[in-house]
Amino acid sequence: MKNLIIANWKMNPSSQAEAKVIFDAIREGVKGINAAASARGFGEPTEVVVCPPAVYLYASVFGEGVVSMGAQNVYFEDKGAFTGEISAEMIKDLGAEYVIIGHSERRKYFGETDEVINKKIIRALEVGLKVIFCIGETQEEHDAGKKNEVLDRQIKLGLASVSDFGFSASNFAVAYEPVWAIGTGNNCGVGETKQTLSYIKSLLTLSGVEGQEVRILYGGSVKSENSGAYIKEAGANGLLVGGASLNAEEFIKILESAE
Ligand code: 13P
């Protein structure tokens, strides 16, 4: 199974020019890592995806290359009077391969419910986008011992009937992002992450969605000092990186730590 490492730039950077500088540096870094890996002659290279703000997704900014593109959000209707929204078809047409759905910032600031997230996942799969489905508990839920209950609900409702809509292990990944670990510097411990990832795997199996095959990622204050341990010790199949992915040098170190 190839590791999957995703850069979620959120609402950054502020200009196309800056976006291009970061992206070009990431792409060159990835080329270097891939060349070194093929010279060593073993191991599958990590799959790298950059998810910039949707306005930077078009091909003229980023071009073709060794890095795939993804969107950070999508709407579930195919077209029509939905001011401000972007459809799955539009994202796909721009050349993006992936879309992040269910990020905790969408749940918190934009009121996305499990039901809305479910519709978005189904629409994205119907159109042929690959989905990165985010789940995770808040600090309050964590402290109240409700983590498993929350993950249970998010998976059950978020993935309701997705197996009828082209779901497969190759077009779907789950990112466990505890809300309390996002942007706080308080990353989840490796031991707890390991337990949680295997719990998520068991839930996926129960939902009948080939749990053993689906890549499960960790996200939340990932940096080059902690990234390798999530993959090598906690058993994550990849990472979803926020802040650190805006610094190309740091992001490349994160990619190297997964090799
Ligand atoms: P940070 O890496 O900045 O904590 O963000 C994680 C995240 O939300 C990625 O989707």
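Definitions and limits used
Residues numbered from 1 in each chain as written. Predicted model: local features only at pLDDT ≥ 70, side-chain atom pairs only at ≥ 80, totals over all residues. Heavy atoms only, no water. Helix = DSSP H or I, 4+ residues; strand = E, 2+ residues; numbered from the N terminus. Buried < 20%, exposed > 50% of the residue type's maximum accessible area, 1.4 Å probe, protein only. Polar contact = N/O pair within 3.5 Å; in protein donor to acceptor, adjacent residues only side chain to side chain. Contact = heavy atoms within 4.5 Å. Disulfide = S-S within 2.5 Å. Salt bridge = Lys/Arg side-chain N within 4 Å of Asp/Glu carboxyl O. Near = heavy atom within 4 Å. Areas by Shrake-Rupley, 256 points an atom, 1.4 Å probe, with all protein chains shown as cover. Nonpolar A, V, L, I, M, F, W, Y, C, P; charged D, E, K, R; others polar.

## Overview of the side chain of histidine 103
Here's step 1: Within the secondary structure, histidine 103 sits in the loop between strand S4 (98-101) and helix H4 (104-109).
Here's step 2: Classification of histidine 103 by relative accessible area gives buried; the value is 5%.
Here's step 3: Here glutamate 105 takes part through its backbone nitrogen, which lies 2.9 Å from a polar atom of the side chain of histidine 103.
Here's step 4: At 3.1 Å, the side chain of histidine 103 forms a polar contact with the side chain of glutamate 177.
Here's step 5: In this structure histidine 103 touches Asn8, Lys10, Cys134, Glu177 and Ile182, once residues within four positions along its chain are discounted.

## Describing the state of the cysteines
Here's step 1: Under the defined criterion, the tally for this structure stands at zero disulfides.
Here's step 2: Here cysteine 51 is not disulfide-linked; the sulfur of cysteine 134 is the nearest cysteine sulfur, at 9.2 Å.
Here's step 3: A relative accessible area of 0% places cysteine 51 in the buried class.

## Remarks on the pattern of salt bridges
Here's step 1: Within this structure, the stated rule accounts for 15 salt bridges.
Here's step 2: One salt bridge connects aspartate 24 with arginine 27, and the closest N-O pair in it is separated by 2.7 Å. Of the two residues, aspartate 24 and arginine 27 are both situated in helix H1 (residues 16-40); the distance of three residues between them amounts to about one turn of the helix.
Here's step 3: Ionic pairing is found between glutamate 47 and arginine 215, a salt bridge with its closest N-O pair at 3.0 Å. In this pair, glutamate 47 is assigned in strand S2 (residues 47-51) and arginine 215 in strand S7 (residues 215-219), connecting sequence segments 168 residues apart.
Here's step 4: By relative accessible area, glutamate 47 is classed as buried at 15%.
Here's step 5: Counted as one network, the salt bridges with shared partners bring together Lys20, Asp24, Arg27, Glu28 and Lys31.

## A few points about the site of the ligand
Here's step 1: The ligand sits among Asn8, Lys10, His103, Glu177, Ala181, Ile182, Gly183, Gly220, Ser221, Leu240, Gly242 and Gly243.
Here's step 2: Between the ligand and glycine 183, the relevant distance is 2.6 Å, taken from an oxygen atom to a main-chain nitrogen or oxygen of the residue.
Here's step 3: Glycine 243 places a main-chain nitrogen or oxygen 2.8 Å from an oxygen atom of the ligand.
Here's step 4: Protein contacts shield 94% of the accessible area of the ligand, which totals 310 Å² for the unbound molecule.
Here's step 5: Taken together, the residues that form the shell around the ligand break down as three nonpolar, seven polar and two charged.

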